Amino acid sequence: VLMNWDELKEMADGGMEVGSHGDTHPELSELNAEGLAVEFASSKEKLENRLGRTITALSYPFGEPTSFNERVKHAARQAGYEMAFSYFGGVNRTGRTDRRDGRRISVEHGMTLNLFRARLLAPRVFCPSLRRWTAMLAQAEGTDRWSIHD
């Protein structure tokens, strides 16, 4: 366990945004509608009860392009999540980002401050997973929907 409930509540009370990651960390795209509803509701309820605040954000377990789909995003919205994030990285553009398919720039264990700064300033250059996933998705769909525009 990385932290206990008291430590997590202290962080939330101090202004840190806490979101859900699911209750049992399943591959969400493999669950049926009922399984998704239970997974999302259980996690959200536990966090809200322990932290005394509404949980509005979700980070998809595994977070790869195959880990979630339109059905999963719909279930997240139905469960009350205002936003949800993948792991494969990217840049969010105002008016062009699906609120339940938010991209993020990962922060990994052992990452230096300089690399973190570089990823923020030039994600296309310093986020190898971003380049790999966007190329893979564009090829799979035969579209440029996943391309990164400056």
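Quick caveat: nothing in here was measured; it's all calculated off a predicted structure.

Chemist: So what's going on with the overall build of the protein chain? Which residues, and what values?
Modeler: When helices and strands are counted, the protein chain shows 6 helices and 2 strands. The buried share among the 150 residues of the protein chain stands at 34%. Within the protein chain, contacts between residues separated by at least 24 positions form 56% of all contacts whose residues are at least 6 apart in sequence. As displayed, the protein chain offers around 9,400 Å² of accessible surface, 53% of which is attributable to carbon and sulfur atoms.

Chemist: Help me get a handle on the nonpolar core, residues and values and all.
Modeler: Among the nonpolar cores identified, the biggest contains 17 residues, and Phe40, Leu58, Tyr60 and Val72 are the most heavily contacted of them. Elements with a contribution of two residues or more to this core: helix H1 (5-13), helix H2 (33-51) and helix H3 (70-78). Considering each element in turn, this core owes the most residues, 4 residues, to H2. Non-local contacts of Leu58, meaning those with residues more than four positions away in its chain, are made with Ser20, His21, Gly22, Phe40, Ala76, Tyr81, Met83, Ala84 and Phe85.

Chemist: Got a sec to walk through the environment of Arg50? Specific residues and values, please.
Modeler: As for its position among the elements, Arg50 is in helix H2. Residue class for Arg50 comes out partly exposed when judged on its relative accessible area of 48%. Those residues in contact with Arg50 that sit more than four places away from it in its chain are Trp5 and Lys9.

Chemist: I'd love a proper account of the packing of aromatic side chains, names of residues and values included.
Modeler: Enumeration over the complete set of coordinates arrives at 2 aromatic pairs. With 5.7 Å between their ring centres and 80° between their planes, Phe40 and Tyr81 make a pair best called edge-to-face. With Phe40 in helix H2 and Tyr81 in the loop between H3 and strand E2 (83-85), this residue pair connects regions lying 41 residues apart in the sequence. Like Phe40, the residue Tyr81 is buried in the burial classification.

Chemist: Explain the pattern of salt bridges residue by residue, including any values.
Modeler: Counted by the stated rule, this structure contains 5 salt bridges. Across the salt bridge formed by Asp13 and Lys9, the nearest N and O atoms sit 3.2 Å from each other. In this pair, Asp13 and Lys9 both sit in helix H1, 4 residues apart, roughly one turn of the helix. What makes Lys9 partly exposed here is its relative accessible area of 31%. Linking Arg53 and Asp13 is a salt bridge whose minimum nitrogen-to-oxygen distance equals 2.7 Å. Pair noted here: Arg53 is in the loop between H2 and strand E1 (57-59) and Asp13 is in helix H1, with a separation of 40 residues, a long-range link. With relative accessibility at 30%, the residue Arg53 sits in the partly exposed group. Several salt bridges converge on common partners, so that one network encompasses Lys9, Asp13 and Arg53.

Chemist: Explain H1 to me, and be specific about the residues and the numbers.
Modeler: By the N-cap criterion, in which a side-chain oxygen at the helix start approaches the backbone nitrogen of a residue two or three places on, H1 is capped by Asn4, the distance to Asp6 being 3.0 Å. Positioned one or two residues after H1, Gly15 has a phi angle of 110°, which is positive.

Chemist: Before we move on, can you summarise the confidence of the model for the protein chain with the specific residues and values?
Modeler: Overall, the predicted model of the protein chain reaches an average pLDDT of 81, with 77% of residues at or above 70. The lowest-confidence element of the protein chain is helix H6 (residues 128-141), averaging 58 in pLDDT; the highest-confidence one is H2, averaging 96. Note on residues 145-150: pLDDT is under 50 here. Beyond four places in sequence and across chains, it has 15 contacts.

Conventions adopted
Residues numbered from 1 in each chain as written. Predicted model: local features only at pLDDT ≥ 70, side-chain atom pairs only at ≥ 80, totals over all residues. Heavy atoms only, no water. Helix = DSSP H or I, 4+ residues; strand = E, 2+ residues; numbered from the N terminus. Buried < 20%, exposed > 50% of the residue type's maximum accessible area, 1.4 Å probe, protein only. Contact = heavy atoms within 4.5 Å. Areas by Shrake-Rupley, 256 points an atom, 1.4 Å probe, with all protein chains shown as cover. Core = buried A, V, L, I, M, F, W, Y, C linked by side-chain atoms within 4.5 Å. Phe/Tyr/Trp six-rings, centres within 6.5 Å; stacked < 30°, edge-to-face > 60°. Salt bridge = Lys/Arg side-chain N within 4 Å of Asp/Glu carboxyl O. Polar contact = N/O pair within 3.5 Å; in protein donor to acceptor, adjacent residues only side chain to side chain. pLDDT = per-residue confidence, 0-100.

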